[in-house]
Amino acid sequence: TDVTFILRDGSRRTLDIAEGTSVMQAAVMENLKGIDGECGGCLSCATCHVYVEAIGTGALPPMDEEENALLDGVAAERRPESRLSCQILATPGLSGLVLRVPERQV
Ligand code: FES
């Protein structure tokens, strides 16, 4: 599943993420600057915040209550396209997803 990140300096990086792996995990494993994922994906840190710029062919997994609540506490501005990347698991339909890294996570 190809997911592209727009980094803070404007450059783009595309990762091929294995099915079932969260976008946050993949970004952290690749040392992608701007995605911290401090809680390891257990929905308590909000340092995996991203802005969805473009979706792939499939829909994103819906946002649950907990993610919605945690997004109110993100360090950067919350926008309508804000998501927590630990809640987005790679599926073949997500290929083509483009995510923008926010200016800060803490
Ligand atoms: Fe902590 Fe996503 S990694 S909320």
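Our structure's up above, just so we're on the same page.
### Thoughts on the pairing of strand β5 (residues 97-100)
Bridging between strand β1 (residues 2-6) and β5 involves four bridges; their strand directions are parallel. Each residue of the ladder has a partner; that of Thr4, found in β5, is Val98. Sheet topology places strand β3 (residues 49-54) next to β5; three bridges connect them, and they run antiparallel. Bridge pairing in β5 links Tyr51 to Arg100.

### Examining the environment of Thr14
You can see Thr14 is positioned in strand β2 (residues 12-16). Here Thr14 is in contact with Asp2, Val3 and Thr4, once residues within four sequence places are set aside. Reaching out from Thr14, the side chain makes a polar contact with the side chain of Thr4 at a distance of 2.8 Å.

What counts, and where the lines are drawn
- Residues numbered from 1 in each chain as written.
- Predicted model: local features only at pLDDT ≥ 70, side-chain atom pairs only at ≥ 80, totals over all residues.
- Heavy atoms only, no water.
- Pairing = 2+ DSSP bridges.
- Helix = DSSP H or I, 4+ residues; strand = E, 2+ residues; numbered from the N terminus.
- Contact = heavy atoms within 4.5 Å.
- Polar contact = N/O pair within 3.5 Å; in protein donor to acceptor, adjacent residues only side chain to side chain.

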